[in-house]
Amino acid sequence: MLELRPSCEHCATLLDPAGDDARICTYECTFCSRCATWALLGICPNCTGELVTRPRRPAAKLEKHPASTTAVHKRVDIEAHHAVVLERLAGGDLPSQVWTVAFANQRPAGSDGDGYSTTATEMDTLASQQPGFIGVDSVRSDGGTGITVSRWSSIAAMVSWRRVASHQQAQHTGRDRWYDSYRSDVARVDRTSEFHRPS
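Below you will find a few notes about this structure.

Conventions used here
Residues numbered from 1 in each chain as written. Predicted model: local features only at pLDDT ≥ 70, side-chain atom pairs only at ≥ 80, totals over all residues. Heavy atoms only, no water. Axes fitted to C-alpha atoms, helices over the stretch in contact; angles between N-to-C directions. Helix = DSSP H or I, 4+ residues; strand = E, 2+ residues; numbered from the N terminus. Parallel < 35°, antiparallel > 145°, perpendicular 65-115°, else oblique. Contact = heavy atoms within 4.5 Å. Nonpolar A, V, L, I, M, F, W, Y, C, P; charged D, E, K, R; others polar. Patch = residues over 30% accessible without salt bridge, like charges linked within 9 Å, V, L, I, M, F, W, Y side chains within 5 Å. Areas by Shrake-Rupley, 256 points an atom, 1.4 Å probe, with all protein chains shown as cover. Salt bridge = Lys/Arg side-chain N within 4 Å of Asp/Glu carboxyl O. Lys, Arg positive; Asp, Glu negative; His and termini not counted. Charge placed at Lys NZ, Arg CZ, Asp CG, Glu CD. Pairing = 2+ DSSP bridges. 1 Å grid on protein atoms, 1.4 Å probe; cavity = no way out; pocket = protein on both sides within 12 Å on 5 of 7 lines; lining within 4 Å. Points joined across faces, edges and corners; volume = space filled by probe spheres on them. Buried < 20%, exposed > 50% of the residue type's maximum accessible area, 1.4 Å probe, protein only.

1. Points about the packing of helix H3 (residues 78-90) against helix H5 (residues 155-162)
- Contact pair H3 / H5: the axes reach a minimum separation of 10 Å and the direction vectors enclose 105 degrees. Viewed along their axes, H3 and H5 adopt a mutual orientation that is roughly perpendicular. Contacts between H3 and H5 involve Val85, Leu86 and Leu89 from the former and Ala156, Ala157 and Ser160 from the latter.
- Classifying every residue of the contact of H3 with H5 by side-chain character gives five nonpolar, one polar and no charged.

Take a look at the structure:
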């Protein structure tokens, strides 16, 4: 059975054995969700396999078979790890998944002509040139409510796009000028269905 290790191997954050914040590889290397996503880009630094959500043990079983109390703590050389993962991303050598970023936002009333549309088009073009990009869909209502859903082949691809300098600048400008509010939801896609009306 799984050990259910008590803490993140990188940052030593305690992990609730009944919670859903732990991420593990097939060898049970264990990290918190924050480290697994933003620091490790979804890849285990020890075995180079993918990190996934650790299953929860039912309460009655957890009482009978409690979590491990033995902590493993070995900080990762993040810079070296990123270099390896991004090289694999560029070579198409990462585990294939589909991750989405759903960006819901509200534009101010009467904000046409503030440079938003031009930058949005530029960002869509730039995103499409990034390793691991799958696609993007956007809609906006007459009242200024919009949603953009981008799709990526891995956590590494998704996080790398977030860190592109011109994209970061667009994000800063959005907070300063272009949005009254926004929310960003990140999720792994486990199933996709499509319909296309015959022409």
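2. Looking at a positive patch on the surface
- A contiguous patch of positive charge on the surface is contributed by Arg34, Arg162, Arg163 and Arg175.
- Examined against the element boundaries, Arg175 turns out to sit in helix H6 (residues 165-178).

3. A few points about the sheet that holds strand S4 (residues 99-106)
- Read across the open sheet, the four strands follow the order S5-S6-S4-S7; overall the sheet is antiparallel. Each edge of the open sheet carries a strand with a single partner, namely strand S5 (133-140) and strand S7 (181-188). Direction aside, the axes of adjacent strands within the sheet are offset by 10 degrees on average.
- Of the pairings in the sheet, the one linking S4 to S7 comprises eight bridges and is antiparallel in character. Its bridge partner being in S7, Phe103 is matched across the sheet by Ser184.

4. Comments concerning empty space enclosed by the protein
- Under the criterion given, the structure shown has one cavity of 30 Å³ or more.
- Approximately 80 Å³ is the volume found for the largest cavity.
- Taken together, Leu41, Gly42, Ile43, Glu50, Leu51, Leu94, Pro95, Gln97, Trp99, Ser154, Ile155 and Ala156 make up the full set of residues lining the largest cavity.
- Class assignment for the residues of the lining of the largest cavity results in eight nonpolar, three polar and one charged.

5. Here we look at the sheet that holds strand S2 (residues 30-32)
- Taking strand neighbours across the sheet as the criterion, the three strands line up as S2-S1-S3 in an open arrangement whose pairing is antiparallel. Across the chains shown, the open sheet's two edge strands, defined by having one partner strand only, are S2 and strand S3 (52-53).
- The pairing of strand S1 (residues 22-24) with S2 spans three bridges and is antiparallel. For Ala22, the partnering residue across the bridge sits in S2 and is Cys32.

6. Describing the environment of Val72
- With respect to the helices and strands, Val72 occurs in the loop between helix H2 (59-64) and H3.
- Among the residues examined, Val72 registers a relative accessible area of 34% and is labelled partly exposed.
- Measuring from C-alpha to C-alpha, the distance between Val72 and Ala120 comes to 44 Å, with 48 residues separating the pair along the chain.
- Setting aside residues up to four positions removed in sequence, Val72 forms contacts with Arg5, Cys8 and Glu9.

Honestly, it's all geometry; don't read function into it.
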